[in-house]
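Here is what each chain is made of, one letter per residue.
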Amino acid sequence: MSVDVRYAAFGGITAILLFGTLYSVTYDTYLDTSDPSLTHLPHHLHATHYFANKANILNSYFIKRAWGWTSAAFLTLWLTSPPHKRTAHRVVKWGVETAIWLVFTSWFFGPALLERLTAASGGECTATLQSGAVFTVPYEFCLTRTAISQETHPFLFVGPSLWVPDDRFPVVPRLRKGHDVSGHVFLLTMSVLFLVDQIRPSLYARKWSLPHACAVVFNIVLVAIWFFAISTTSVYFHTPFEKFTGYLLGAAGYIVTLLY
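A few points on the structure. (Residues numbered from 1 in each chain as written. Predicted model: local features only at pLDDT ≥ 70, side-chain atom pairs only at ≥ 80, totals over all residues. Heavy atoms only, no water.)

### Side note on the packing of aromatic side chains
Selection criterion: Only rings of Phe, Tyr and Trp enter the pairing, Trp through its six-membered ring, and a pair is recorded when the two centres are within 6.5 Å. The plane angle decides the type: under 30 degrees is stacked, over 60 is edge-to-face, the rest tilted. For the purposes of this entry, the term helix denotes a DSSP run of H or I that reaches at least four residues, the term strand denotes a run of E that reaches at least two, and both are numbered from the N terminus. Per-residue accessibility, obtained with a 1.4 Å probe over protein chains only, is compared with the maximum for each type, and a residue is labelled buried under 20%, exposed over 50%, and partly exposed between these values.
On inspection of all chains with the given rule, the structure shows 12 aromatic pairs. Relative to tyrosine 23, the ring of phenylalanine 19 lies with its centre 6.5 Å away and its plane at 35°, an arrangement referred to as tilted. Of the two residues, phenylalanine 19 and tyrosine 23 both sit in helix α1 (residues 5–26), 4 residues apart, roughly one turn of that helix. Relative accessible area serves as the criterion here: at 34%, tyrosine 23 is assigned to the partly exposed category. Seen in terms of ring centroids, phenylalanine 62 and tryptophan 69 are 4.9 Å apart; in terms of plane orientation they differ by 20°. Their pairing is stacked. Through a chain of ring-to-ring contacts, the aromatic side chains of Phe10, Phe241, Phe244 and Tyr247 assemble into a single cluster.

### What to know about the nonpolar core
Test applied: We define the nonpolar core as a collection of buried residues of types Ala, Val, Leu, Ile, Met, Phe, Trp, Tyr and Cys that are connected through side-chain atoms lying within 4.5 Å of one another.
Core analysis: the biggest nonpolar cluster contains 38 residues, and Ile13, Val192, Leu195, Val223 and Trp226 have the highest contact counts within it. Counting only elements with at least two residues in this core, the list comes to α1, α2 (57–62), α3 (66–79), α4 (88–105), α7 (183–203), α8 (210–236) and α9 (240–255). The greatest single-element share of this core, amounting to 11 residues, is contributed by α7. Listed in part, the 13 residues of the second largest apolar core include Cys125, Cys142, Leu156 and Val171.

### Structural notes on the side chain of serine 34
Spelled out, the test is: Under the rule applied, a polar contact is a pair of N or O atoms within 3.5 Å (in protein, one hydrogen donor and one hydrogen acceptor; residues adjacent in sequence only if both atoms are side-chain atoms).
Inspection of the secondary structure puts serine 34 in the loop between α1 and α2. On the basis of relative accessible area, serine 34 is assigned to the buried category, the value being 11%. Within the structure, the side chain of serine 34 is placed 3.5 Å from the side chain of glutamate 242, a separation counted as a polar contact.

### Observations concerning the pattern of salt bridges
Threshold: By definition here, a salt bridge exists when the distance from a side-chain nitrogen of Lys or Arg to a carboxyl oxygen of Asp or Glu is within 4 Å.
Counted by the stated rule, this structure contains 6 salt bridges. Between aspartate 197 and arginine 6 there is a salt bridge, with its nearest N and O atoms 3.8 Å apart. With aspartate 197 in helix α7 and arginine 6 in helix α1, this residue pair connects regions lying 191 residues apart in the sequence. Here aspartate 197 matches arginine 6 in class, with each residue buried. Among the salt bridges present, the one from glutamate 115 reaches arginine 145, with a minimum N-O distance of 2.5 Å. Remark: arginine 145 occurs in the loop between α6 (140–143) and β3 (174–176) and glutamate 115 occurs in helix α5 (residues 113–120); sequence separation between them is 30 residues. Judged by relative accessible area, which is 18%, glutamate 115 ranks as buried. Residue arginine 145 is classed as partly exposed on the basis of its relative accessible area of 46%. Because the salt bridges share partners, they merge into one network encompassing Asp4, Arg6, Lys93, Asp197 and Arg200.

See below:
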């Protein structure tokens, strides 16, 4: 093949993200997810744009489970590959990418790296009540994801505007106001580049077994879904810089697997 599919995939991600971001700025379609006064509200286009609604099928069943889908696609590809291509090195690459996913989104000796970045860039631990009132609470409540209410933590509800009937219902504080790197762009970028890299050996094969052919198709379809998910995220969510940093981190997360 004359064109390396990895470069084609990287170019595709870049073009989609750039076009979507420019569109979002031109037509004011994106939601600033770091603004605590907005994040608890529906997207301003949710009534007319299906993918601006966070409850859409793509977000609920695919993006939120992106690494699970990516891992399943890789494992089907690896398990159905010929023995000489079913190498431990490919599994190690998947393990490294899984570790990167965990470190950035779930745990890094405490809070995940993305959470640490939000806090370091001026993020505050805020709670948003059903009434719309927003107030700051100590950082540890975000670290532990502890639900708070007027009944369980009365010392936090000291302002007169916070003493309203709905305050007895628990809310979970979230980090806001800092630089909220787009975790979706980060993960989708890394997933696309990883899967395309893993599909590449199969594209050079002269023939495939039926199970492997099905696995290749599964991977290609999933990559197409991830491309579409990048486009919807770029149009409807996060500021341009937050998407750009997610893109850089996703590309860097993949590049790590090329260093050995």
